[in-house]
Amino acid sequence: MYDDRNPVARWVGPPVRWMQIACGWALMAICFATLYDIVARRLFAHSVQGVTEVGAYLLAIVSAFGFSSALLQKAHSRVDFLFPRMPPLMVSVLNLAAAVLLFGLAVISVWQGWHVLDESLLFDSRASTPLQTPMWIPQGLWFIGLAVFAGVTGACAVHAVILFVRDRGRLNELYGPLSLEGQIAVETQGTLAGVDKPV
Amino acid sequence: MISLTAVAIGFGGMIVLLFLGLHVATALFLTAVLAIQIYFGGSLLSVYGTQLWSAMEDYILLSIPLYILLGEILVRSGATDKMYGAIALWLGRLPGGLLHTNVGASALFSAVSGSSVSTAATIATVALPSFRRRKYDDRLVLGSIAAGASLGNLIPPGIAFIVYASLTNTSVGQLYAAAIVPSIMMTVLFMLTILGAALVRPDLTGEKEPRVPLRERIVRLVDLSGPFVVFLIIMGSVYTGWATVTESAALSVIAALGIAAFNRTLSIRMLHDAFVATANLTAITMLILAVAFYLNFALGSLNITQTLGAFVAGLGHSTTGLMWILAIFYFLLGIFFETLPMMVGTVPIIFPIAIATGIDPIWFGVFMVLQCELSLLSPPVGMTLYVIQAVRREGNIKDVFAGTIPFVAAMVLMTAILIHFPQLALWIPRLLFGPS
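Residues numbered from 1 in each chain as written. Chains lettered and ligands numbered in written order. Predicted model: local features only at pLDDT ≥ 70, side-chain atom pairs only at ≥ 80, totals over all residues. Heavy atoms only, no water.

A. Inspection of the overall build of chain A at higher detail. Check the secondary structure of chain A and you find six helices and zero strands. Mapped in sequence order, the helices and strands of chain A form the string α-α-α-α-α-α. Within chain A, counting contacts between residues at least 6 apart in sequence, those at least 24 apart form 70% of the total. Surface exposure of chain A reaches about 9300 Å², of which carbon and sulfur atoms provide 67%. (Helix = DSSP H or I, 4+ residues; strand = E, 2+ residues; numbered from the N terminus. Contact = heavy atoms within 4.5 Å. Areas by Shrake-Rupley, 256 points an atom, 1.4 Å probe, with all protein chains shown as cover.)

B. Geometry of the overall build of chain B. When you go through chain B residue by residue, the secondary structure sums to 21 helices and zero strands. Compactness check: chain B gives a C-alpha radius of gyration of 22 Å against a globular reference of 22 Å for 436 residues, within 12% of the reference. With respect to the principal axes defined by its C-alpha atoms, chain B has extents near 70 × 50 × 45 Å. Among the 436 residues that make up chain B, the fraction classed as buried is 65%. Sequence separation of at least 24 residues holds for 81% of the intrachain contacts in chain B that already meet a minimum separation of 6. (Rg over C-alpha atoms; globule rule 2.2 N^0.38 Å. Buried < 20%, exposed > 50% of the residue type's maximum accessible area, 1.4 Å probe, protein only.)

C. Layout of the side chain of B:Thr384. Residue and element names in this part refer to chain B. Here Thr 384 is to be found in helix 19 (residues 383-392). Judged by relative accessible area, which is 0%, Thr 384 ranks as buried. Within the local environment of Thr 384, its side chain forms a polar contact with the backbone oxygen of Leu 376, the two atoms lying 3.4 Å apart. With near-sequence residues (within four places) excluded, Thr 384 lies in contact with Ser 116, Val 117, Ala 120, Ala 149 and Leu 376. (Polar contact = N/O pair within 3.5 Å; in protein donor to acceptor, adjacent residues only side chain to side chain.)

D. Examining the packing of helix 9 (residues 159-168) of chain B against helix 14 (residues 268-301) of chain B more closely. Residues and elements named next belong to chain B. Taken N-terminus to C-terminus, the directions of helix 9 and helix 14 make an angle of 20°; their axes are 10 Å apart at the nearest point. Taken as axis vectors, helix 9 and helix 14 run roughly parallel relative to one another. In the packing of helix 9 onto helix 14, the handedness of the crossing is right-handed. Residues Val 163, Ser 166 and Leu 167 of helix 9 touch helix 14, and the partners they reach there are Thr 285, Leu 289, Ala 292, Phe 293 and Asn 296. For the contact of helix 9 with helix 14, the per-class residue count stands at five nonpolar, three polar and no charged. (Axes fitted to C-alpha atoms, helices over the stretch in contact; angles between N-to-C directions. Parallel < 35°, antiparallel > 145°, perpendicular 65-115°, else oblique. Left-handed = near helix turned anticlockwise from the far one by under 90°. Nonpolar A, V, L, I, M, F, W, Y, C, P; charged D, E, K, R; others polar.)

E. Quick peek at the pattern of salt bridges. In the structure shown here, the tally under the stated rule is 10 salt bridges over all chains. Linking B:Asp138 and B:Arg392 is a salt bridge whose minimum nitrogen-to-oxygen distance equals 3.2 Å. Taken together, the positions of B:Asp138 in helix 8 (residues 138-150) and B:Arg392 in helix 19 put the pair 254 residues apart, joining distant regions of the chain. Members of the salt-bridge network, linked through shared partners, are A:Asp37, A:Arg41 and B:Glu247. (Salt bridge = Lys/Arg side-chain N within 4 Å of Asp/Glu carboxyl O.)

F. Summary view of the nonpolar core. Among the nonpolar cores identified, the biggest contains 223 residues, and A:Trp142, B:Ile73, B:Met186, B:Phe190 and B:Phe364 are the most heavily contacted of them. Sorting elements by how many residues they give to this core places helix 14 of chain B first, with 20 residues. For A:Trp142, the contacting residues outside a window of four places in its chain are A:Ala60, A:Ile61, A:Ala64, A:Gly113, A:Val116, B:Gly49, B:Leu52, B:Trp53 and B:Met56. (Core = buried A, V, L, I, M, F, W, Y, C linked by side-chain atoms within 4.5 Å.)

G. The interface of chain B and chain A, seen in detail. With 78 residues of chain B at the contact, the number on the chain A side is 72 residues. Its largest share of buried area at the contact with chain A, chain B owes to B:His23, B:Trp53 and B:Met56, together 11% of the area lost on that side. Taken together, the links from chain B to chain A amount to two salt bridges. Between A:Arg17 and B:Asp273 there is a salt bridge, with its nearest N and O atoms 3.8 Å apart. Counting across the chain B and chain A interface gives 10 residue pairs in polar contact (both at pLDDT 80 or more). It is helix 14 of chain B that contributes the most residues to the side of chain B that touches chain A, 18 residues altogether. For the side of chain B that touches chain A, the per-class residue count stands at 54 nonpolar, 16 polar and eight charged. (Buried area = accessible area lost by both parts, 1.4 Å probe.)

H. Local environment of helix 1 (residues 4-19) of chain B. Residue and element names in this part refer to chain B. Between its first and last C-alpha atoms helix 1 spans 23 Å; for 16 residues at 1.5 Å apiece the expected length is 22 Å, and the two agree. Looking at helix 1, one finds that the buried residues are Val 7, Phe 11, Met 14, Ile 15, Leu 18 and Phe 19. Seen along its axis, helix 1 keeps its buried residues to an arc of 140°; they face one direction. Along helix 1, the residues that are exposed and aim more than 90 degrees away from the buried face are Thr 5 and Ile 9. As for helix 1, its buried residues are in contact with helix 2 (24-40), helix 14, helix 15 (304-315), helix 16 (319-336) and helix 17 (339-356). Positive backbone phi, approximately 80°, marks Gly 21, located one or two places after helix 1. (Expected span 1.5 Å × (residues − 1). Arc of directions from axis to C-beta.)

I. The arrangement of the state of the cysteines in detail. All names here are of chain A. For the structure on display, the rule yields zero disulfides over all chains. Cys 31 provides the cysteine sulfur closest to Cys 23, a residue in no disulfide bond, and the two sulfurs are 14 Å apart. According to the relative accessible area criterion, Cys 23 is buried, its value standing at 9%. Unpaired in terms of disulfides, Cys 156 finds its nearest cysteine sulfur in Cys 23, a separation of 19 Å. What makes Cys 156 buried here is its relative accessible area of 6%. (Disulfide = S-S within 2.5 Å.)

Written as structure tokens, this is what we have:
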């Protein structure tokens, strides 16, 4: 699914995919835990503690790890309506700006995210729930996801700057908004397999 | 309190940043940071981390990846083609024939899969070959698929309602209940559009379907059971109080696994593909949403609600008048924007205005999601339209655009009905949850 012409995607793509698969299994686990919890609640009037809490942490972690992969697929939303009506140089400037500013957002997120984690580590914070989860565990994983995102956006931003100087056409290819075919591929990844039998 | 001019400049600036093709999240974040820098000297930047963590660690929002996962598994499970065939047996003999099947099958499938784009892709793949043989007018075929697929977010359960609920602190359960009548009406309006077209211009529709014995039609209803069971699990468990919205999403994922196993399409490889797609689509939504919460917080700190409230009170518009202004605003915005940026970018400003005018937040949520659906369907920017064209692999995208026009008109009519009859949306929530 990644653009093989992009060196950043070539290097980072495979490990990021495995992180996502791990996240997917975690989501499945939460589904089965929820089923068990509901059955236990209705039939035995006893509740498994913490499914809700762990589920919430899981969302933060799954999303943070997903940021990088979505970026490598150029899937983060952009409004590209005006691009076909602009001169190529302006498009290059805007693509460069988008790459650099997204890196800025990722850096601020990871920097501020570190404060959150740091505080939890400093005060040894625990969730005020029956589980009393040490907050550094979910926040640590979330932070790693944000850090990977900052690393990947950073690599892309540097690459975009280099391409801006050397080869602006390639900059627009690799860091421009997703082409239509690409968008369709992201939104329907593989879903068309198995449905090509006419009625 | 922030002045009205400053709000207008800020909002206009954000729209410009969006049109410059920056990532939507970046544009929202820059707007928030700029506002905070100017009015608070940057001191509020330090809460961004806490805001980010609490926005992303939200159990209600966990339903987003779960619904996406449900859709990804269902779409891969091969349930679509059987379902299409079964619906065709029931609707195929109405004037307009298989066109009704497009709307019906797309509506049913996008309701459970939650994604208009995947629905458009799968239904187009299943349906287009059979239309080629039957000599229908291409444009109506394409338009009816796009129209049906665009219903996905309006028919509960949908992700758009979860996003709206979390941005505005409204109840997802109430929103789902409120959407029931309008989504049924919308589907009926689409079918009436086809019926009208078929009666006025019989040449647009193709050969009539052969009559199928009732017995066979009933037997084939089995093929509808999969998506129907998923729908029942979600709605049933929420409204009986057995499960919360997020829990019901988790249950539906397990049901989808069952459907895939039944269709012999369940495999580790299929699951892994579904996981990767889920993680990507979740990340796209969550990045924008997490930043939007921060923008919401920034605007809240600036007392923007009071500013906009005073402004709207000064205008002296009636509720209906304001809703019409908003409908036109969203129609224009929807020409260029997709669902999520449109909702997340405007709710922080528009919602306080609506509340200040005394508009019911649940009714407004249904209106908002209907406008998002309209934005999916209105050319030239709308992913579903391009996906259908991509599956078609012939002719011109302009055929798809032309085909959507009658359905866009039907949706505008639905907007008008909803604006003038809020009871349509509020009736069921009040029945279930009491007067708000």
